[in-house]
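Examining the three-dimensional arrangement
Take a look at the letters that make up each chain.
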Amino acid sequence: MKLPRYELKSEKSLMVFEFVSEGVKGEIPKLIKFSETNVPEVYNLAFGDKIGLTNEIDDFAISNNGDSEKVLATVVASVIAFTEKYPNWWVYATGSTKSRTRLYQIGISKYVDEIRKSFEIYGLLNGDWKVFRKGINYESFLVKRK
């Protein structure tokens, strides 16, 4: 995927990434975090506006900065970097709201053929993980490098 994206900054472990969204509302610092879940080798992807000088995320903030595709491409770049370093780990993602989960699904659907070249991708539907297919509204997503 050769989409425009923002420059990412990260520490050595690649568990936390930062970048700055630049758009109609100015510069908005963003944060991406990968954290352990209660399932071995499954890491949660958290994403949103960076809260002040902390390493905390506001994942309910609505930036409307006019750069959503570039922001999503940047988040994808963090997943690529994270899974290059940790190829046996799964990444779990869901939106903080149903509409955000739907936005992520639209992005995945748009590029699913390219994503499948490097990743296994699943969607959660009624408590079961299914191979991701376009046109189905999933509750969350799970990806792993092939």
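For every chain, the first residue of its written sequence is number 1, and the numbers climb from 1 along that sequence. Only residues with pLDDT of at least 70 get local features here, since the model is predicted, and only at 80 or more are side-chain atom pairs given and counted; chain-wide, interface and lining totals rely on the full set of residues. Water and hydrogen atoms were dropped before computing side-chain values, which therefore reflect all heavy atoms in the structure.

1. A word on the environment of Ile62
Quick note on the threshold: Segments assigned H or I by DSSP are reported as helices when at least four residues long, segments assigned E as strands when at least two residues long, and all are numbered from the N terminus. We call a residue buried when its accessible area falls under 20% of the maximum for its residue type, exposed when it is over 50%, and partly exposed in between, using a 1.4 Å probe and counting protein chains only.
Along the polypeptide, Ile62 turns up in the loop between β5 (57–58) and α1 (68–85). Note on Ile62: relative accessible area 63%, which makes it exposed. Considering only alpha carbons, one finds Ile62 and Gly48, 14 residues apart in sequence, at a separation of 8.9 Å.

2. Focus: the nonpolar core
Put simply, the rule reads: Note on terminology: a nonpolar core comprises buried Ala, Val, Leu, Ile, Met, Phe, Trp, Tyr and Cys residues joined through side-chain atoms within 4.5 Å. What makes two residues a contact is simply this: any of their non-hydrogen atoms within 4.5 Å.
Ile32, Phe34, Leu45 and Phe47 are the most contacted members of the largest nonpolar core, which totals 32 residues. Every element with two or more residues in this core is listed here: β2 (16–23), β3 (26–36), β4 (42–50), α1, β6 (90–93), α2 (98–118), β7 (119–125) and β9 (141–145). When residues of this core are assigned to their parent elements, the largest contribution, 5 residues, is made by α2. Among residues more than four places away in sequence, those in contact with Phe47 are Phe19, Lys30, Leu31, Ile32, Ile57, Asp59, Val71, Val75 and Tyr104.

3. Structural notes on the pairing of β9
This is how it is decided: Whether two strands pair comes down to DSSP finding at least two bridges between them.
A large share of β9 lies buried, amounting to 5 of its 5 residues. Where burial is concerned, the two faces of β9 agree: the one with Phe141, Val143 and Arg145 and the one with Leu142 and Lys144 are both buried. Where β6 and β9 come together, 3 bridges link them in antiparallel fashion. From the neighbouring strand, Val91 faces β9, where its bridge partner is Val143. Taken together, the 5 bridges between β7 and β9 define a ladder with antiparallel strand orientation. By the bridge assignment for β9, Glu120 is matched with Lys144.

4. As for the confidence of the model for the protein chain
Note the following rule: The pLDDT score gives, residue by residue, the confidence of the prediction method on a 0 to 100 scale.
Per-residue pLDDT for the protein chain averages 95, and the proportion of residues at 70 or more is 99%. Mean pLDDT in the protein chain bottoms out at α2, which sits at 92, and peaks at β6, which reaches 98.

5. Section: α1
Because an α-helix completes one turn every 3.6 residues, residues spaced three or four positions apart along the sequence face the same direction. Quick note on the threshold: Take the number of residues in a helix, subtract one, and multiply by 1.5 Å to get its expected span.
End to end, α1 covers 26 Å across 18 residues, agreeing with the expected 26 Å (1.5 Å per residue, within 8%). Looking at α1, one finds that the buried residues are Val71, Ala73, Thr74, Val75, Ala77, Ser78, Val79, Phe82 and Thr83. Contacts from the buried residues of α1 go to β2, β3, β4, β6, β7 and β9.

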